[in-house]
Amino acid sequence: MPIVDSKTGKVLKQLSKDELVEAANLLRGYNLVCLAAAGSGHTGGTLSVMDLAAALYLNVAKHDPKDPDWKDRDRIIWSSGHKAPSLYLCLGASGYFDIEDVVTLRKLYSPFQGHPHWLKLRGVEISSGSLGQGLSVSNGIALAAKLDGKSHRVYCFMGDGEQQEGQIWEAIMEAGHYKLDNLCGILDVNRLQIDGWVQEVMNVEPLAEKYRSFNWNVIEIDGHDMGQILDAYEKARNFKGKPTVIIAHTVKGKGVDFMENVAGWHGKAPSFDEAMKGLQQLGLTDKIPVQRMMEKSKKFQAWAEKTLDAKMPHFSKDYFWNTAPNMKVDMQPTRKGFGGCLKECGYDDRVVCLGADISGSITISDFYTSNPERKERFLSMGIAEQSATGVAAGLAKEGKLPVFGTYGVFASGRNLDQLRTTVCYGNFNVFVAGAHGGVSVGPDGATHQALEELFQMCGLPNMTVVVPCDINETRKAGDFLLFEHKGPKYLRFAREATPIVTNQNTPFKYGEANVIRFRKEADKFLDAFETVLASKYKNEGEDLAIVANGPEVPEAMRAAYILKKEYGIEARVVNMHTVKPLDSKTIVNTALETGIIVTAEEHQVGGLGNLVAAAMAQAPELCCKPLLMGMVGVKDRFGESGAPWELIKEFEVSAEHIAAKAKELYDLAKRKGMKAGKGAKPAGKPAARRAARKTAPRKSTRKSARKPAAKKARASARGPRRRR
């Protein structure tokens, strides 16, 4: 059944086989333009799946673009959410919106997120991005249809690398057990994933035999032969008693010769010139309004920037990174510090690294790239975070030094129970690297932006948590955790290039914070500050303190600079790189000496802030002391797509927001009569008045002493009061 009018049942659109071939080719061209405009995204898989998707949306599935929530529509689930552009373009071609709007893909405030979000765009059935979850959702939808006696069908797009996730096989077992013949899985077998060929990373074959053994009907086809595609969909619709999986053999990067069968194009977008070359190969040079679409992209970006700027705190000048002729800063991704640690420390035969398909992205592969003899100690675990965590525990039990790394959302969340029960309960010496922390991950969007790890990891007994501030501190932290610290440990670091605010001489001591003070403007930002261990710092009577970790430390330093230049406010910056165990002593001393604390974190607000607040609340030294505290962080919301620095501003974790919060508390302290920089003690009275109070006779405060004699007499005459 094609696209229909849900009210009348009239067919609105159903393309023939030849028309579908042409439409899929056209959608590939739109895909190249949209990805080029975005400057990021997943090219290879969006091209490989396009024939399958075009046939489903434009010929097979029953849906109504004018009524996306029509109860009798077929449901199409994209478990492989990174192929979102294919989904968006098929919706556009179906009539849900102007297809050219997809050119705003991955931009701030665009509904076309890097991974689909069903609450932002009608026609999208579920939010997805973390692989291996969509088939379970599809099972639930198919079961609901069975329970309600509905005839609509459920389709689920998956990838072959995705079959490495354990949850997929739980879902396959469920669907076979419940005989969900209203469910059709569509398996895009393009044979490549980020780290290379699927069969080499973690072989999933023989897929057909495995699905059959789980009680599925299996159809194998050429995923680029439109006749075979349509025939497979028809057979799946008519098959009763079992769910059906269409195993479609495809070519990654289909249609563009320099992209075909190249793993590097999995998560890479074409440049404008590469996109134009691709259009030429597809025969679409004059069939897509490229210039109009690129202009639309630029206008949307300009609107987004203007909207964002209107929300920002403003000062007398622009203090943003590298906008002034002085205070210049170099930037490098903190993840490279992690890779550098493994490269230098990998000589020890006990070190074993476990990759999870994104090895180059998080730099864990630096362990062996320059030292191929170490390759046997690099275990490619595929897209299987839970099992990999258990394997790491086993390695640790036998005396190895396992390092398991993946994106922070998966390293701390997907495998949380394995970390809790196997690693932490057993107190095994497992090093977990949580990469891509915070919203600065950028256009991939919410599903790949880790914002909750501190809640999860700090709540685990025996777990140590370190959040370094830049590439150099990441390297130092990695070296210490790998060889010096025994027990479960979690290292959180960012993806994008962030300011370098330390050097080889900057102190780093596990468990002890650093104190950073702005001294003077300088040509280089780093030279404008002095950093010392907290235990060696002498109180300078600052007006307030900013406690930060990770890339928020450079932001806190910049906030201190803003506060000094704009208002003459002296701010102490505390780099709390070790979050667990927390340096409570430094927090308490800082609270006593400044009276105003602001925490700053690129995390859900409270990940660091709640720990700092708890340390102060439990300190006897702070009992009855007037204190003010504020927290800067992501305010109980999920991330979204956008450029990294745009998101730092949008989610209000920039230096400007830290400075604004600090100034707000400083002004409040003044209004409440608290002396900034003096432990927030109540403002005293002049010495003469204090002396007068000491020498003057004290007045009685007893009520009887204040009663006039006549009133006492009247009370006596009345006699005792009656009891009511």
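Residues numbered from 1 in each chain as written. Predicted model: local features only at pLDDT ≥ 70, side-chain atom pairs only at ≥ 80, totals over all residues. Heavy atoms only, no water.

Section: the nonpolar core
- Ranked by internal contacts, the top residues of the largest apolar core, which has 69 residues, are Leu-52, Leu-56, Tyr-88, Phe-157 and Tyr-233.
- In terms of residue count, helix H1 (residues 17-38) provides more of this core than any other element does, 11 residues in total.
- Excluding anything up to four places from it in sequence, Tyr-88 contacts Phe-97, Val-102, Leu-105, Pro-111, Phe-112, Gln-113, His-115, Pro-116, Leu-121 and Val-124.
- If you look at the next biggest cluster of nonpolar residues, it comprises 50 residues, including Ala-548, Ala-556, Phe-651 and Tyr-666. (Core = buried A, V, L, I, M, F, W, Y, C linked by side-chain atoms within 4.5 Å. Buried < 20%, exposed > 50% of the residue type's maximum accessible area, 1.4 Å probe, protein only. Helix = DSSP H or I, 4+ residues; strand = E, 2+ residues; numbered from the N terminus. Contact = heavy atoms within 4.5 Å.)

Here's the deal with the sheet that holds strand E24 (residues 628-634)
- One open sheet accounts for 6 strands, arranged E19-E18-E21-E20-E23-E24; its pairing is mixed. The open sheet terminates on both sides in strands that have one partner only, identified here as strand E19 (529-533) and E24. Averaged over all adjacent pairs, the angle separating strand axes in this sheet is 20°, with direction ignored.
- Judged from the 5 bridges that link them, strand E20 (residues 544-548) and strand E21 (residues 571-575) form a sheet pairing that is parallel. For Leu-544, the partnering residue across the bridge sits in E21 and is Ala-571. (Pairing = 2+ DSSP bridges. Axes fitted to C-alpha atoms, helices over the stretch in contact; angles between N-to-C directions.)

Section: the sheet that holds strand E8 (residues 217-222)
- Judged by pairing direction, the sheet is parallel, and its 5 strands sit side by side in the order E3-E4-E5-E9-E8 without closing on themselves. Every interior strand has two partners, whereas the edge strands, strand E3 (75-78) and E8, have only one. Strand-to-strand, the axes of this sheet are offset by a mean angle of 20°, without reference to chain direction.
- Lying over the sheet, helix H3 (residues 50-60) contacts E3, strand E4 (154-159), strand E5 (183-189), E8 and strand E9 (244-249), oriented at roughly 170° with respect to E4.
- Contacting E3, E4 and E5, helix H5 (residues 134-148) runs over the sheet at an angle of about 170° to E4.

Brief notes about the environment of Tyr-319
- Within the element layout of this structure, Tyr-319 appears in the loop between helix H11 (290-311) and strand E10 (331-333).
- C-alpha separation for the pair Tyr-319 and Ala-559, spaced 240 residues apart in sequence, amounts to 9.0 Å.
- Sequence-distant contacts of Tyr-319, that is, excluding residues within four places in its chain, are made with Arg-558, Tyr-561, Ile-562, Lys-565, Glu-566 and Glu-656.
- Of note is the side chain of Tyr-319, whose polar atom sits 2.7 Å from the side chain of Glu-566. (Polar contact = N/O pair within 3.5 Å; in protein donor to acceptor, adjacent residues only side chain to side chain.)

Here we look at the pattern of salt bridges
- Per the counting criterion, the structure on display carries 37 salt bridges.
- Residue Arg-558 is joined to Glu-656 by a salt bridge in which the shortest nitrogen-to-oxygen separation is 2.7 Å. You can see Arg-558 sitting in helix H20 (residues 552-567) and its partner Glu-656 sitting in helix H24 (residues 655-671), a full 98 residues away along the chain. Of the two residues, Arg-558 and Glu-656, both sit in the buried class.
- When the shortest N-O distance is used, the salt bridge between Arg-637 and Glu-650 registers 3.2 Å. Taken together, the residues Arg-637 in the loop between E24 and helix H23 (644-650) and Glu-650 in helix H23 connect sequence positions 13 residues apart.
- Residue class for Arg-637 comes out partly exposed when judged on its relative accessible area of 30%. (Salt bridge = Lys/Arg side-chain N within 4 Å of Asp/Glu carboxyl O.)

A short note on the pairing of E24
- Counting buried positions along E24 gives 5 out of 7 residues, so the element sits mostly inside the fold.
- Relative to E24, strand E23 (residues 596-604) is paired through 6 bridges, and the arrangement is parallel. Bridged to Gln-604 within E24 is Val-634.
- For the segment spanning E23, helix H22 (residues 609-617) and E24, crossover handedness is right-handed. (Right-handed = clockwise from strand over helix to strand, strands pointing away.)

Structural measurements only, silent on function.
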